[in-house]
Amino acid sequence: MASVNPLSNAKGVKLVCELCHSPAYIQCPGCKVTYYCDADHQRADWTSIHEKICQLLIPVRAAFPFLTSAEERAHSAEQLLQRKKHLIDLTTKEAQRLLYEGRHVDVIPAATHALSFSIDVYGLTSVELVPVYLILAEANIGLGNLTQAEEYLSHAYWTVLKTTDCSNLIRSKLHRNLGLLYSAKGEFEESLRHLSNDIYYASTVSGPSDISTAGGYFHMANVFFRQNKMDIADSLYSEVDRLCQIISSSYLKLLEYIYVTDQFILICCNVLAIDENQEAEALQILSAIYDIREQAAKKEPAKIAKVLHALAMLHYLRVDFKVVSLPPKDLLFKLLAYRLSFQIKYS
């Protein structure tokens, strides 16, 4: 940790904290181009994203060299632009990964970097800022900071309204976050309206059986669950069960070998054709559905077994298949118990 010496700063240059934009008193000793107001913000940024981008920030924030020709200046400007776009992509993906893992506090610094670089590259009113606004909003909803979440969603909403060529994928994510916000505020009718819009827009992009569409059904089911409308909630959770079938049949060309020796089970299968964020979202959804159905007064073993089967596959697909490793033991033993006891047949 390095303290900032005010006498060494260029005249008129005010150093501000990377996270809160308050006056900065601490300099990152690694890159020497990032500053913080206190040690807490420095640690928060390092844990979230700074460790991964520390050295990448040096060429972006260092002073421009003196270049004599217009061609050299254009080339240097293009290189700078590409570096900033790379940082936007890296920080946005990391923020999204942290969000799916439920690490809402750690999301904020990574997403703040993504927003800052996006504004610098695309401008304050560009639709490219919307995905980052949505990540920041969802993280703040998870932290219970509903006023801050509403502010980010307002920025996103008005940007989408003013953009005629905004994609339906972005519209879907916007309505999902609005649905989550209103659900957190207890305004269930408004929440359901936005979540139905989420399902509609997601269906136009990926079809009704995609993981992204299933997420809308899941959050809508949660709203009915909170209202104690269990029949409706269960019918929507059953719609999400289609996700299990997708994982088990459509995406997986499954070669399944199950054997039990002493205390382990080995499952060998091919790689799932979805990206890491979709895998994380699927795990989040299926884990929640499993918990709800396992705690239900009237258990339905067939439905529980299907969710367990999909969870087992997803957990195993998150490892490198060149090196065989074990899935969570408890999960697979529960799956075997349901399959052997109730003779569930998977298509």
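Here the structure is a predicted model, which means the values were calculated and not measured. (Residues numbered from 1 in each chain as written. Predicted model: local features only at pLDDT ≥ 70, side-chain atom pairs only at ≥ 80, totals over all residues. Heavy atoms only, no water.)

Colleague: Help me understand the packing of aromatic side chains, please; the structure alone is not making it clear to me.
Modeller: Each aromatic ring pair is summarised here by two numbers: the centre-to-centre distance and the angle between the ring planes. Tallied over the full model, the rule gives four aromatic pairs. With centroids separated by 6.3 Å and ring planes inclined at 35 degrees, the aromatic side chains of Y133 and Y152 adopt a geometry described as tilted. Linking Y133 in helix α5 (residues 130-143) with Y152 in helix α6 (residues 146-161), this pair joins segments that are 19 residues apart in sequence. By relative accessible area, Y152 is classed as buried at 17%. Residues Y157 and W158 carry aromatic rings whose centres are separated by 6.0 Å and whose planes lie at 75 degrees to one another, so their mutual orientation is edge-to-face. Residue Y157 is classed as partly exposed on the basis of its relative accessible area, which comes to 33%. Taking relative accessible area as the criterion, W158 reaches 53% and is therefore assigned exposed. (Phe/Tyr/Trp six-rings, centres within 6.5 Å; stacked < 30°, edge-to-face > 60°. Helix = DSSP H or I, 4+ residues; strand = E, 2+ residues; numbered from the N terminus. Buried < 20%, exposed > 50% of the residue type's maximum accessible area, 1.4 Å probe, protein only.)

Colleague: Any chance you could explain the pattern of salt bridges here in plain terms?
Modeller: A side chain of one charge can pair with a side chain of the opposite charge when the charged atoms of the two come close. All told, the structure shown has 13 salt bridges when counted by the stated rule. A salt bridge links K84 to D120; the shortest N-O distance between them is 2.5 Å. In this pair, K84 sits in helix α3 (residues 70-100) while D120 sits in helix α4 (residues 104-122), placing the two residues 36 residues apart along the sequence. The partner of R97 in a salt bridge is E101, and the shortest N-O contact between them spans 2.7 Å. You can call R97 partly exposed: its relative accessible area is 26%. A relative accessible area of 39% means that E101 is categorised as partly exposed. Look at the salt bridges and you will find they share partners, linking K52, E94, R97, E101, R103 and D106 into a network. (Salt bridge = Lys/Arg side-chain N within 4 Å of Asp/Glu carboxyl O.)

Colleague: How should the UniProt feature "domain: MYND-type" (unreviewed entry) in the protein be read in this particular structure?
Modeller: As recorded in UniProt, the sites labelled "domain: MYND-type" (unreviewed entry) are residues 17-54. The span residues 17-54 is 39% helical and 11% strand by assignment, and the distance between its end C-alpha atoms comes to 15 Å. (UniProt positions renumbered as here; feature names shortened; annotations may be inferred.)

Colleague: In this structure, what is going on with the environment of E78? I would like to understand it.
Modeller: Along the chain, the position of E78 falls in helix α3. A relative accessible area of 40% means that E78 is categorised as partly exposed. Of note is the side chain of E78, whose polar atom sits 2.8 Å from the side chain of Q82. (Polar contact = N/O pair within 3.5 Å; in protein donor to acceptor, adjacent residues only side chain to side chain.)

Colleague: Sorry if this is basic, but what is going on with the layout of surface pockets here?
Modeller: Any empty space left between atoms is shown by rolling a water-sized probe over those atoms. Counted as a void, the largest pocket has a volume near 1,300 Å³. Around the largest pocket, the lining comprises 46 residues; the ones closest to its centre are Q96, L99, Y100, E138 and R176. Within the residue set of the lining of the largest pocket, elements represented by two or more residues are α3, α5, α7 (168-184), α8 (188-206), α9 (211-226) and α11 (276-294). Top element by residues in the lining of the largest pocket is α7. It accounts for ten residues. When the residues that make up the lining of the largest pocket are grouped by side-chain class, the tally is 17 nonpolar, 18 polar and eleven charged. The space that makes up the second largest pocket amounts to roughly 380 Å³. Along the walls of the second largest pocket sit 17 residues, with V16, E18, V33, Y35 and R61 positioned nearest its centre. Examining the composition of the lining of the second largest pocket, we find that six residues originate from one element, α4, more than from any other. Partitioned by chemical class, the residues of the lining of the second largest pocket number ten nonpolar, four polar and three charged. (1 Å grid on protein atoms, 1.4 Å probe; cavity = no way out; pocket = protein on both sides within 12 Å on 5 of 7 lines; lining within 4 Å. Points joined across faces, edges and corners; volume = space filled by probe spheres on them. Nonpolar A, V, L, I, M, F, W, Y, C, P; charged D, E, K, R; others polar.)

Colleague: How should I be thinking about the environment of D291 in this particular structure?
Modeller: Position of D291 among the secondary structure elements: in helix α11. For D291, a relative accessible area of 39% gives the class partly exposed. Spatially, the C-alpha atoms of D291 and I304 are 9.4 Å apart, while their sequence positions differ by 13 residues.

Colleague: What am I meant to see in the nonpolar core here?
Modeller: As a rule of thumb, nonpolar side chains are buried together in soluble globular proteins. In terms of nonpolar packing, the biggest core is built from 46 residues, with V107, A111, L115, V130, L153 and L174 touching the most fellow members. Broken down by secondary-structure element, the contributors of at least two residues to this core are α1 (39-53), α3, α4, α5, α6 and α7. Here this core takes nine residues from α5, the largest share from any one element. If sequence neighbours within four positions are ignored, L174 has contacts with L134, L153, A156, Y157 and V160. By size, the runner-up hydrophobic cluster in this structure holds 25 residues, among which are L283, L286, Y290 and I304. (Core = buried A, V, L, I, M, F, W, Y, C linked by side-chain atoms within 4.5 Å. Contact = heavy atoms within 4.5 Å.)

Colleague: It is not clear to me how the state of the cysteines should be interpreted in this structure. Could you clarify?
Modeller: Here a disulfide denotes one covalent bond, and it connects the sulfur atoms of two cysteines. Summed over the entire model, instances satisfying the criterion amount to zero disulfides. There is no disulfide at C17, and the cysteine sulfur nearest it, in C20, is 3.7 Å away. Here C37 stays free of any disulfide, with the sulfur of C20 as its closest cysteine sulfur at 3.7 Å. Classification of C37 by relative accessible area gives buried; the value is 19%. (Disulfide = S-S within 2.5 Å.)

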